[in-house]
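What follows is each chain in one-letter form.
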Amino acid sequence: MQVTIDGGRCQGHARCVTICPEVFGMDDQGKGYVLDQDVSDTLKDQVDEAVIACPERAISMEIDD
């Protein structure tokens, strides 16, 4: 699974980090980033929750075939 954050859309609410700190972090400017874009499928439910919780819709997830 590939996870990305659109830095232009992120406003730094940090909901993603609160929901799934194994995947998301915050940079020095208060914007979210993905710690490792290749995410284990075991974290899919948490990433799904983070995608839904992002008020700016800055997080996207693509499932590998």
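Just so you know, these numbers come straight off a predicted model, no measurement behind them.

So, how was this worked out
Residues numbered from 1 in each chain as written. Predicted model: local features only at pLDDT ≥ 70, side-chain atom pairs only at ≥ 80, totals over all residues. Heavy atoms only, no water. Helix = DSSP H or I, 4+ residues; strand = E, 2+ residues; numbered from the N terminus. Buried < 20%, exposed > 50% of the residue type's maximum accessible area, 1.4 Å probe, protein only. Core = buried A, V, L, I, M, F, W, Y, C linked by side-chain atoms within 4.5 Å. Contact = heavy atoms within 4.5 Å.

Student: Can you break down unusual backbone geometry residue by residue, with the values?
Tutor: The general pattern is negative phi for most residues beyond glycine and trans for most peptide bonds. Positive phi outside glycine occurs at Ala14, with the angle close to 65°. Note that Ala14 resides in the loop between β1 (2–5) and α1 (15–19). Residues other than glycine seldom take positive phi values, yet Arg57 does so here, at roughly 55°. Inspection of the secondary structure assignment puts Arg57 in the loop between α2 (44–53) and β4 (59–62). Under the relative-accessibility criterion, Arg57 is labelled partly exposed at 49%.

Student: Account for the nonpolar core, with residues named and values stated.
Tutor: Where a protein is soluble and globular, its nonpolar side chains tend to be buried together. In this structure, Val3, Ile5, Val23, Phe24, Val39, Val47 and Ile59 are the most contacted members of the largest nonpolar core, which totals 17 residues. Elements represented by at least two residues in this core include exactly β1, α1 and α2. Sequence-distant contacts of Val39, defined by excluding residues within four places in its chain, comprise Met1, Val3, Val23 and Val47.

Student: Describe the environment of Ala50, and please don't skip the residues or the numbers.
Tutor: Among the secondary structure elements, Ala50 is positioned in helix α2. What makes Ala50 buried here is its relative accessible area of 1%. Separated by 33 residues in sequence, Ala50 and Val17 have C-alpha atoms that sit 8.2 Å apart. With residues up to four places along the chain from it excluded, the contact list for Ala50 reads Cys16, Ile19, Phe24 and Ile59.

Note that every value here comes from positions in space, so none of it alone points to a role or purpose.
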